[in-house]
Every structure is written in structure tokens, then in C-alpha cells.
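The chain contents come next:
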Amino acid sequence: MFYDFLELLRTYGLKVSVNEWLTLLEGLKQDLHGDSLLGFYYLARAVLVKSEADFDRFDAAFARYFKGIESIKELPKELEDWLAQPITQRPYDKDEVDKKFGGMPLEEIMRQFEERMKEQHEIHNGGSYWIGTGGTSMFGHGGYNPNGIRIGGTSRNRSAVQIASERKFRDYREDSVLELRQFQIAFRRLRQFSADMLGPKDVLDVDATIQETCDHAGQLNLMFTRPRRNTVKVLLLFDSGGSMDEYASLCTTLFQAANKSNQFQDLKVYYFHNCFYDYLYTDPFCLRSAQIPTEWVLQNLPQDYKVIVVGDAYMSPYELLSPGGCIDYYFNNEEPGITWIRKFTKRYQKMVWLNPIPEDFWSGSYYRSTIDTVMREVPMFPLSVQGLERSLKALMAAHGQR
Amino acid sequence: MNYFEGSSSYVASEDLMRSVNIAMALEKPLLIKGEPGTGKTMLAQAVADALGMELVIWNIKSTTKAQDGLYVYDTVQRLYDSQFGESVSDIHKYIKLGKLGEAFRSEKKVILLIDEIDKADLEFPNDLLWELDRMEFYIPETQETVKAKQRPVVIITSNAEKELPDAFLRRCIFHYIAFPNEQMMADIVQAHYPDLERDFCEQVLRAFYRIREVGSIQKKPSTSELLDWIQALRITGVSLESVEREVPFSGVLMKKNEDLDTLSKRWGHR
């Protein structure tokens, strides 16, 4: 039964499992949809979709499968004016109206609607035929009709295809929303409890102690266990200033998320401008007073730090490839930026690069050739919720799977 | 068949009522997600009231383990008893059922609310799969199986602090409570303050939604803050006109200093 709807949902990227599909069929058997398309819409959504981020995809698929509605977008001006003077709902016999209009196919409804648009020359409210308000006609608003389509006004009683084609959950799609909270949630992926790993057993295990003591007829027998603690250490490197300015708020959000998540064993944050060379900076203004030798960082932060670089990797090729290429005129670096990047990748097994430039624009242009170069050294991910999640997964992956 | 249609103190949107009834009919857990303050927890109470069932609440905290909901084996008590020469061979005495166990043991059908499931560890929901599917669990200490006498209606709330595992989601009926629109909010306010004047209500709501629309506000006020605000305005008897113009008691609505600053800049008052 409507197997092709399932297929369509899957092509829209909804991971509907067979189990969920069977649950939906069970619901239909129990008549939970109440023989209406609207009922079916809610039933299918509740059973098949498990995140508000997917509601929009579901709506799009639903609207396409039960298609036809999206073509009405522009209403004649006078029609809008008539609909702007609504009356309250006139009394009606629900059963009678349902009988009269129920079960009409959508094509027929649309055909009639176009017909009415041509015929209608004045305001009609409270009736059952014309486009108007407060009645039982299929067209208009503020009225009741089992099959009707709302035209103008705000919703009260609504139909399924209409709701679906409104796509009001568009904003919840994950690929468009970026928020502090979501970053924070993503950062929670970076967890590695030492209980799973080797370490001293130095915390009293109460349950085991009691069990042991009972087993030994009340003779106290202390048992110890390893503490559960997040052992992940993070080194964050931010590109600051210049071409990064337009992504400032995005970077701040990421910084706050990392900072507030307050769960890492250690979090170090340094800044650089375009590429890192002999010095890193402890504040985003990259002033000489705040500089710290990069070698010091490399020596003092052990190799189990996970390194996240945030930058657009968008610079002149000589900044990356030539000695003395640093953008700071008074500063002469003996080794090119790329060498410094390699020093990091050599020292730190787990390193990712987050790029605020959307993935589609990474390669192709001459000016962005540096992005390609950096990508060959460090795995690069877009700075978005999904990109962050992917990058953190890469950071947590077992060794050797970079 | 029991059918939920909202209650006098809880206004449920049409799609929410449908989801509740679908979950009950299909005997699946209902997973409720939504912005804080949209009444996720209240829903379970309302369903319980409307259907005349008892409500069992299991509050999840960051330290909660799945085991806690099933039963706790009180080893400390057993140890204590053993020190005083009491017989400790009967383990039954030391098995205390958790909230899930309580719901299973109940003679009548109950509503089980698992509140804020996302607070717990990432693996928590997976540990409950079998129990929620089969509505039974096994106690190895006493070699007993606790099986639900009446399959409870399970309502689970989540604030989306953590992603829930796929296997868990597949077994649930999902509902997202969107933030209510002005019309719906008016009904909600009406349900809480039936004697509120209409003009006053409209005025307050207009101000409220205007504030929510200010883009730079970090923590948008929610329903519960609105209800508190109305209470504050009523007690002090602020005049109608000043509500929208001055937004008195904005501290009730806004919980962050930055937001209060934004607000006072916008509205240009102290």
C-alpha cells in the first residue's frame, strides 16, 4: 500500500525504516487517520518522522506526492479584498457538508477552483459555492469544508496538503540553522571516559564493596574502580581578522560553545592570522604583546590533544608556500606556512580544519587554490552544525582513520 | 476507547491531540520535543487528568541510569542488617522497584512520564529499549520477571540537549510542540486566567510577540514566562496603555542582562 510514498520519502532523505512503515500500516488499519487526508498527514508524520529538522523534508515530499496545491500562489487583487472582510462561521450541518464534499479528488477541487476564479465577480460570504468566508464552500477561509483549501485569512480548520505545502518547518532544517546550543550539543560528542581506558583504580566502588563484604559475612572488603571522567583535551586555533571578519559571529558562537561546554579535561585557544608561523597569539587581535612561540605550544601540549583549526584557508599562495610570506610585513618567517601546518599534523594525530566558507565554493578559483592545498594536509569540514558533527566524529574515530 | 481532547487547564493543538491518540492506539511511547516552556511536562499531567489515570513521573537527571527506573537492589540495607545478625537470605526485601517497575506493577493502567530523557547519558535510551518494547524486565537477584499488568501509556519529553539514538527513535511516535501562535496563546492564557479581560489579554500578547520578534534577544521568553508576567501585571494593576509602551516588569520575561539591555534600548525607557 502506497509503497511509492515510502520510496519518495526515502529519496527526500528521510530514513524511514520498514518497522516504522509497518507501524503506519497498523495505524491505518486501526483507522487512526479517520479516513481523511489531514488525519493521514498527522499519522504519517508522527510515526515516520523523528525530528523537527526533518519535518520540512516530509512536508515537501507529502506536498509532491499529493500534489497540485502549490500552483495557487497568486490571487486576483479583488478576491483578496473580499476575503479580507470575513464573517464568522454560519451554522452548518457537518455530516451534510462532509457528504456533499467528502472524497472529491484533488484534481477536481483544483479544476473547480480555477472555474470559480473566472466566474466570481463579487463578494460571497457564508455560502457553500463561491470563494468566501464563514461558509461551507471548498474555497475561502474561516469556514468549514472537509476537502477545502484555505485561501487568504489565517488558519482555523485546515487541510493536509495545505499545511504540508506551507512548509512552516523550513527553519528547523538542520542545514540552515546555526545556534550556540546546537554547537554545544555537537561538542558533547567529544567525550571519552577514562573508565573505558587504563588508569589507576582510585575511587571507592560502593556497590562492589558492599557485595564483597556481604559475601564475606560482613567482613569489610574495600573495592576500587576507575573514575569516569572526560579525558578529551582540545586545542582550538582561530584564524582572526581580514577575510574572517564576515564570519566573526559564527566563530564567536563556536568559541562560546567550546568554552561553555566546560567538559574537556583541557581547552586551549590560540589565534593566528591567515596561517600559522613562528608565533601564535592569545587574543584575537594578534598583537605582538600577546604572542606565544608556536614551538612552545608544540612542545608543551602532548600529542593526545585534539586540534580544531577554524579558518577560511583563503590567502595568497605565497603566504602559505613561501618563506617570508607572512602577511605581517615586519615579520619574517623562515619556514613557509605549509611547513608549520605539517608540524602540527605530524605532532597531533587528530586534527581537523573547519572552514566557514560553504563547501561548494572550496575549489575551482585561483584565489582559493590555497584551500585545496590545506585540504591535502588536514581533513577539512564546513563550519556548520553538520560539518562540526562530521569533524568531531573524525576526531573521535579510532587511530589511523583520519 | 480512551480519547484525549485536551483539558480545562491545558490547551492542546489539534496535531498534538492526534499524536497523543495515535501513540495510545499503537501502544508506542510518545516522544515530545519542543522549546523549553511549551508545556511538554504539563501534557502528561493533562492526559492523566483527562483520562482519569494515575501519573507516574520519572525525572531524569544527568546521573540517572536505566537500572534506576527498573529496580534498586539495596545492598547497603542488606549489609546493615547482616551486621546485626538479622537474616539477609531473603533478597526480595532488598529489591525496591523504580518508577518503571512501579508503573508495570500497577493494577490499573497508568501514564508513565519519562521527563527530560536527554539529560541522561547518551546510552541511556538504548538501555531501555527492551523494557519499553516488551514492557517487562528481569531481576537476576531474585530470578523474577516483572511484567506490566496493564501496558502503561509512556510519554517521554526531550529538550534536544542530546541526539537520541536511532534505534530508540524508531520505536517512538514523535511530536514536536511548535511555539504557539497568537491565537493559540490567547486560548492558553484564557485557560489559566479565565477572568482576564479580553482587551488586556490582547494587549499583553501583542507586546509579548513583539518582544519575541526582536532578533537580537538570546533567550526568547516562553509561555511560562508570559503567564508569570500576566500575573505580575495583574497583581500590581498596571494600566493597559503602559503595557505595550513601557513593558513593565520586563525582568519576569527576560532572564539575561543582555536581553534586558536590548529591550530597554528598543523601547527607549530606563
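Sequence order as written defines the numbering, with residues in each chain counted from 1. Just so you know, chain letters begin at A and ligand numbers begin at 1, following the order they were written in. Where totals are concerned, whole chains, interfaces and linings use all residues; where local detail is concerned, this predicted model gives features only for residues with pLDDT of at least 70, and gives and counts side-chain atom pairs only at 80 or more. Note that the side-chain values use all heavy atoms of the structure and ignore hydrogens as well as water.

## Considering the overall build of chain B
Point 1. The helix count covers DSSP runs of H or I at least four residues long, the strand count covers runs of E at least two residues long, and both are numbered beginning at the N terminus. Along its length, chain B carries 14 helices and 9 strands.
Point 2. For every residue, the accessible area (1.4 Å probe, protein chains only) is compared with the maximum for its type, and the residue is labelled buried under 20%, exposed over 50%, or partly exposed between those bounds. Relative to its 270 residues, chain B shows a buried fraction of 53%.
Point 3. By definition, residues are in contact when any of their heavy atoms lie within 4.5 Å. Across chain B, the fraction of contacts at a sequence separation of at least 24, relative to all contacts at a separation of at least 6, is 72%.
Point 4. Reported accessibility uses the Shrake-Rupley method at a 1.4 Å probe radius. Residues are deemed covered only where the shown protein chains occlude them. Counting every atom, chain B has about 13100 Å² of accessible surface; 47% of that belongs to carbon and sulfur.

## Overview of the environment of Y193(B)
All names here are of chain B.
Point 1. The residue Y193 is located in the loop between α9 (182–192) and α10 (198–213) in this model.
Point 2. In the structure, Y193 is positioned 37 residues away from I230 in sequence and 9.0 Å away in space, judged by C-alpha atoms.
Point 3. Discounting chain neighbours no more than four positions away, the residues touching Y193 are L227, I230, Q231 and R234.
Point 4. Polar contact is defined as a pair of N or O atoms within 3.5 Å, subject to the rule that within protein one atom must be able to donate a hydrogen and the other to accept it, and that residues adjacent in sequence are counted only when both atoms are side-chain atoms. Polar side-chain contacts of Y193 include one of 2.9 Å to the backbone oxygen of L227.

## Quick look at the confidence of the model for chain B
Residues and elements named next belong to chain B.
Point 1. On average, residues of chain B score 83 in pLDDT, and 95% of them reach the 70 mark or higher.
Point 2. As a per-residue measure, pLDDT tells how confident the predictor is, with possible values from 0 to 100. No element of chain B has a lower mean pLDDT than helix α12 (residues 240–246), at 74, and none a higher one than strand β2 (residues 54–59), at 93.
Point 3. Confidence metrics for the complex model read pTM 0.59 and ipTM 0.77.

## Looking at the interface of chain A and chain B
Point 1. Counting from both sides, the interface comprises 35 residues of chain A and, opposite them, 29 residues of chain B.
Point 2. Buried area: the sum, over both parts, of the accessible surface (1.4 Å probe) that disappears when the two are put together. Each partner contributes to the roughly 2900 Å² buried at the junction of chain A and chain B, and carbon and sulfur atoms together form 57% of this total.
Point 3. The term salt bridge refers to a side-chain nitrogen of Lys or Arg lying within 4 Å of a carboxyl oxygen of Asp or Glu. Applying the counting criterion to the chain A and chain B interface returns 1 salt bridge.
Point 4. Note that E52(A) is salt-bridged to K33(B), the shortest N-O span being 3.1 Å.
Point 5. Scanning the region where chain A abuts chain B turns up 4 residue pairs in polar contact (both at pLDDT 80 or more).
Point 6. Residue assignment for the side of chain A that touches chain B shows that the elements contributing at least two residues are α2 (18–29), α3 (37–48), α4 (52–65), α9 (180–187) and α10 (206–215) of chain A.
Point 7. When residues of the side of chain A that touches chain B are assigned to their parent elements, the largest contribution, 7 residues, is made by α3(A).
Point 8. Of the residues contributing to the side of chain A that touches chain B, the split by class is 14 nonpolar, 9 polar and 12 charged. Just so you know the grouping, Ala, Val, Leu, Ile, Met, Phe, Trp, Tyr, Cys and Pro go in nonpolar, Asp, Glu, Lys and Arg go in charged, and all remaining residues, Gly too, go in polar.

## As for the packing of helix α14 (residues 337–347) of chain A against helix α15 (residues 369–377) of chain A
All names here are of chain A.
Point 1. At a closest axis distance of 10 Å, the pairing of α14 and α15 adopts a crossing angle of 25 degrees. Judged by the angle between their axes, α14 and α15 are roughly parallel. Viewed along their axes, α14 and α15 form a crossing whose handedness is right-handed. Counted together, I338, I341, R342 and T345 of α14 and T373, V374 and E377 of α15 form the full contact between these two elements.
Point 2. By residue class, the composition of the contact of α14 with α15 is 3 nonpolar, 2 polar and 2 charged. Every axis corresponds to a line fitted to the C-alpha atoms, with the helix fit spanning only the stretch in contact, and the corresponding angles, defined between N-to-C directions, vary from 0 to 180 degrees. Roughly parallel here means an angle under 35 degrees, roughly antiparallel means over 145, roughly perpendicular means 65 to 115, and every remaining angle is called oblique. Each crossing is labelled by how the near helix is turned from the far one, with a counterclockwise turn of less than a right angle marking it left-handed and a clockwise turn marking it right-handed.

## Structural notes on the side chain of S222(B)
Residues and elements named next belong to chain B.
Point 1. Within the secondary structure, S222 sits in the loop between α10 and α11 (223–236).
Point 2. Using a relative accessible area of 3% as the deciding quantity, one classes S222 as buried.
Point 3. Beyond its immediate sequence surroundings of up to four residues, S222 is in contact with P36, G37, F179, F208 and R212.

## Describing the sheet that holds strand β1 (residues 30–34) of chain B
Residues and elements named next belong to chain B.
Point 1. Here the rule is simple: two strands pair whenever DSSP picks up at least two bridges between them. Pairing is parallel across the open sheet formed by 5 strands, whose spatial order is β2-β5-β8-β1-β9. The strands lining the two open edges of the sheet, one partner per strand, are β2 and β9 (173–177). The average angle at which neighbouring strand axes cross in this sheet is 20 degrees, direction not considered.
Point 2. In the sheet, β2 pairs with strand β5 (residues 110–115) via 6 bridges, with the strands oriented parallel. Bridge pairing in β5 places E54 opposite V110.
Point 3. Here helix α2 (residues 40–51) sits on the sheet in contact with β1, β2, β5, β8 (153–158) and β9, set at roughly 175 degrees to β5.

## Let's talk about the pattern of salt bridges
Point 1. Under the counting rule described, the total for this entry stands at 18 salt bridges over all chains.
Point 2. E202(B) is paired through a salt bridge with R198(B); the nearest N and O atoms lie 3.8 Å apart. Of this pair, E202(B) and R198(B) both sit in helix α10, separated by 4 residues, roughly a single helical turn.
Point 3. When its relative accessible area of 40% is taken as the criterion, E202(B) is described as partly exposed.
Point 4. Three or more residues are tied together by salt bridges with common partners; here these are E295(A), E335(A) and K343(A).

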